[in-house]
Amino acid sequence: MTFLLQKNDFNFLKDKIPYAYKMVANIKEKGNLVYFDVEKTGDFQDEITMEIVDSGMDNEDTVDDNGKRMYKIYDEILYQKHNNI
C-alpha cells in the first residue's frame, strides 16, 4: 500500500522508528510530501507501536513528546489505510 507523510514526519520515522522504516520501499518526494510503499501494513503499524512502548514513554509510562509524534504518524497511517488515500 502507498502512504504519504509530511517530509518532517517521514524523516522522524526514518530517524526514530528504524524497524518500521526498514519496511519502506519506493520512496518518492514531491514538495513537502513523501510517498512510500509498505507491503505488510499490519507489521509496519506493529513496529511503530513497539517503538512507542520502547522509546516513546518516560519512566512513569507516560507518553513523552517523541511518543506523541509517533502516535501522530501511526494515526495518519491508520487513517490512510482505512480510507484508501
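As a reminder, the structure under discussion sits directly above these lines.
In this report, the structure presented in the accompanying data block is examined.

**Some points on the overall build of the protein**
Looking only at helices and strands, the protein features 4 helices and 3 strands. Start at the N end of the protein and walk to the C end: the helices and strands fall as β-α-α-β-β-α-α. Scaling as 2.2 N^0.38, a compact globule of 85 residues should have a C-alpha radius of gyration of about 12 Å, and the protein matches this with 12 Å. Seen through its C-alpha atoms, the protein measures out along the principal axes to roughly 40 × 25 × 20 Å. Taking all 85 residues of the protein together, the buried fraction comes to 29%. Sequence separation of at least 24 residues holds for 61% of the intrachain contacts in the protein that already meet a minimum separation of 6. Counting every atom, the protein has about 5500 Å² of accessible surface; 46% of that belongs to carbon and sulfur. Averaging the positions of the 11 positive and the 17 negative side-chain charges in the protein gives two centres separated by 9 Å.

**Structural notes on the packing of helix 1 (residues 7–16) against helix 4 (residues 65–83)**
In the contact formed by helix 1 and helix 4, the axes pass within 11 Å of each other and the chain directions differ by 115°. Remark: the crossing between helix 1 and helix 4 carries left-handed chirality. Residues Asn 8, Asp 9, Phe 12, Leu 13 and Lys 16 of helix 1 lie in contact with helix 4, whose contacting residues are Asn 66, Arg 69, Met 70, Lys 72 and Ile 73. Looking at the contact of helix 1 with helix 4 residue by residue, the classes come out as 4 nonpolar, 2 polar and 4 charged.

**Things to note about the packing of aromatic side chains**
Tallying each qualifying case throughout the model produces 5 aromatic pairs. Both rings, one in Phe 3 and one in Phe 36, keep their centres 6.0 Å apart while their planes meet at 40°; by these two values the pair is tilted. One end of the pair, Phe 3, is in strand 1 (residues 2–6); the other, Phe 36, is in strand 3 (residues 33–38), and 33 residues separate them in sequence. With respect to burial, Phe 3 and Phe 36 carry one shared label: buried. Measuring from ring centre to ring centre gives 6.2 Å for Phe 36 and Phe 44, while their planes differ by 55°; the resulting arrangement is tilted. On the basis of relative accessibility, which here comes to 0%, the residue Phe 36 falls in the buried class.

**A short note on the pairing of strand 3**
With burial as the criterion, only one face of strand 3 is covered, namely that bearing Val 34, Phe 36 and Val 38; the residues Leu 33, Tyr 35 and Asp 37 on the opposite face remain uncovered. In this structure, strand 1 lies alongside strand 3, joined through 5 bridges in antiparallel fashion. Looking at strand 3, one finds that Leu 5 is bridged to Val 34. Inspection of the sheet shows strand 2 (residues 24–30) paired to strand 3 by 5 bridges, in the antiparallel sense. Following the sheet pairing, Glu 29 is matched in strand 3 by Val 34. Taking the residues that link successive antiparallel strands as the turn, the strand 2-strand 3 hairpin has 2 residues, and the phi of Gly 31 there is positive, at about 65°.

Thresholds, definitions, all that
- Residues numbered from 1 in each chain as written.
- Predicted model: local features only at pLDDT ≥ 70, side-chain atom pairs only at ≥ 80, totals over all residues.
- Heavy atoms only, no water.
- Helix = DSSP H or I, 4+ residues; strand = E, 2+ residues; numbered from the N terminus.
- Rg over C-alpha atoms; globule rule 2.2 N^0.38 Å.
- Buried < 20%, exposed > 50% of the residue type's maximum accessible area, 1.4 Å probe, protein only.
- Contact = heavy atoms within 4.5 Å.
- Areas by Shrake-Rupley, 256 points an atom, 1.4 Å probe, with all protein chains shown as cover.
- Lys, Arg positive; Asp, Glu negative; His and termini not counted.
- Charge placed at Lys NZ, Arg CZ, Asp CG, Glu CD.
- Axes fitted to C-alpha atoms, helices over the stretch in contact; angles between N-to-C directions.
- Left-handed = near helix turned anticlockwise from the far one by under 90°.
- Nonpolar A, V, L, I, M, F, W, Y, C, P; charged D, E, K, R; others polar.
- Phe/Tyr/Trp six-rings, centres within 6.5 Å; stacked < 30°, edge-to-face > 60°.
- Pairing = 2+ DSSP bridges.

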